[in-house]
Amino acid sequence: STGPARPPSFMPGWLSLVLDDAEVAVFSLVSPAGTETRFADIRGSAKLARFRIDFDGVHVRSPGWSVADAGGTLFAREPLALDVETAWSLTDGDLVAGSAHAVGDLDRLLVDAHIAKPGIARVRVELSDLADALRWRGNAEIERLDLAEWMESPPMGPLAGTLEIVMRV
């Protein structure tokens, strides 16, 4: 017997680590299911303690998206929990960009995103089972979306509306 199970932790209780203005060129994260996600150009500051990682000013790129000036906390729990505020963009040209607040864990994560480019919208999504079989459900309230961002002569003017979103992978 190896003794009683211990709660998850990031560091030994007697150790904390402060990283100011750290830079990592490439980082790979492999999920328990074997899915690999690669990140590049990671910059920011963090304080690592036994049960939490507080971070600030984090910038990171991954294929097809980037995060700028993220701040928040990761909590050592089973599953991993987080509370994060960030600016984000999709595509290399920042054609789709906004800000978001995410809170929850890898079983259930609530995201409240504000889109600033190419239109104005708010997307509220609940993601579930992030580690194994990602699913998400939510709604998008589009205040203004101008198709002229993508077409020279759009068939209609700026759009507005509400969409129900469901995705199962």
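Up top is the structure.
Residues numbered from 1 in each chain as written. Predicted model: local features only at pLDDT ≥ 70, side-chain atom pairs only at ≥ 80, totals over all residues. Heavy atoms only, no water.

## Things to note about the nonpolar core
- The biggest cluster of nonpolar side chains holds 19 residues, and the ones touching the most others in it are Ala46, Leu48, Phe55, Ala70, Leu82, Leu109 and Val123.
- Within the residue set of this core, elements represented by two or more residues are β2 (36–48), β3 (52–62), β4 (65–75), β5 (81–90) and β8 (119–128).
- Considering each element in turn, this core owes the most residues, 4 residues, to β3.
- Once residues lying within four places of it in the same chain are set aside, the contact partners of Val123 are Val111, Asp112, Ala113, Ile115, Asn139, Ala140 and Ile165. (Core = buried A, V, L, I, M, F, W, Y, C linked by side-chain atoms within 4.5 Å. Buried < 20%, exposed > 50% of the residue type's maximum accessible area, 1.4 Å probe, protein only. Helix = DSSP H or I, 4+ residues; strand = E, 2+ residues; numbered from the N terminus. Contact = heavy atoms within 4.5 Å.)

## Things to note about the packing of aromatic side chains
- Under the criterion given, the structure shown has 2 aromatic pairs.
- A centroid spacing of 6.3 Å and a plane angle of 35° characterise the contact between Phe27 and Phe39, whose relative ring orientation is tilted. Placement of the pair is Phe27 in strand β1 (residues 17–30) and Phe39 in strand β2, with a sequence separation of 12 residues.
- Owing to a relative accessible area of 17%, Phe39 belongs among the buried residues under this scheme.
- Consider the rings of Phe39 and Trp65, whose centres lie 6.0 Å apart with planes at 75°: the pair is edge-to-face. You can see Phe39 sitting in strand β2 and its partner Trp65 sitting in strand β4, a full 26 residues away along the chain.
- Overall, Trp65 belongs to the partly exposed group, its relative accessible area being 29%.
- It is Arg77 that lies over the ring of Phe75; its NZ or CZ is 4.7 Å from the centre. (Phe/Tyr/Trp six-rings, centres within 6.5 Å; stacked < 30°, edge-to-face > 60°. Lys NZ or Arg CZ within 6 Å of the ring centre and 35° of its normal.)

## Observations regarding the pattern of salt bridges
- Considering all chains together, one arrives at 7 salt bridges under this definition.
- Two residues, Glu141 and Arg124, come together in a salt bridge whose shortest N-O distance is 3.1 Å. Taken together, the residues Glu141 in strand β9 (residues 135–145) and Arg124 in strand β8 connect sequence positions 17 residues apart.
- Its relative accessible area of 34% is what places Glu141 among the partly exposed residues. (Salt bridge = Lys/Arg side-chain N within 4 Å of Asp/Glu carboxyl O.)

## Thoughts on the side chain of Thr73
- Note on placement: Thr73 falls in strand β4.
- Side-chain polar atoms of Thr73 contact the side chain of Asp54, separated by 2.7 Å.
- Setting aside its immediate chain neighbours within four residues, Thr73 contacts Arg52, Ile53, Asp54, Phe55, Ala81, Leu82 and Asp83. (Polar contact = N/O pair within 3.5 Å; in protein donor to acceptor, adjacent residues only side chain to side chain.)

## A short note on the pairing of β1
- In this structure, β1 lies alongside β2, joined through 11 bridges in antiparallel fashion. Bridging from a neighbouring strand, Ala22 pairs with Gly44 of β2.
- Count of turn residues in the β1/β2 antiparallel hairpin: 5 residues, of which Gly34 carries a positive phi of about 95°. (Pairing = 2+ DSSP bridges.)

The values reported here are purely geometric and, on their own, carry no functional implication.
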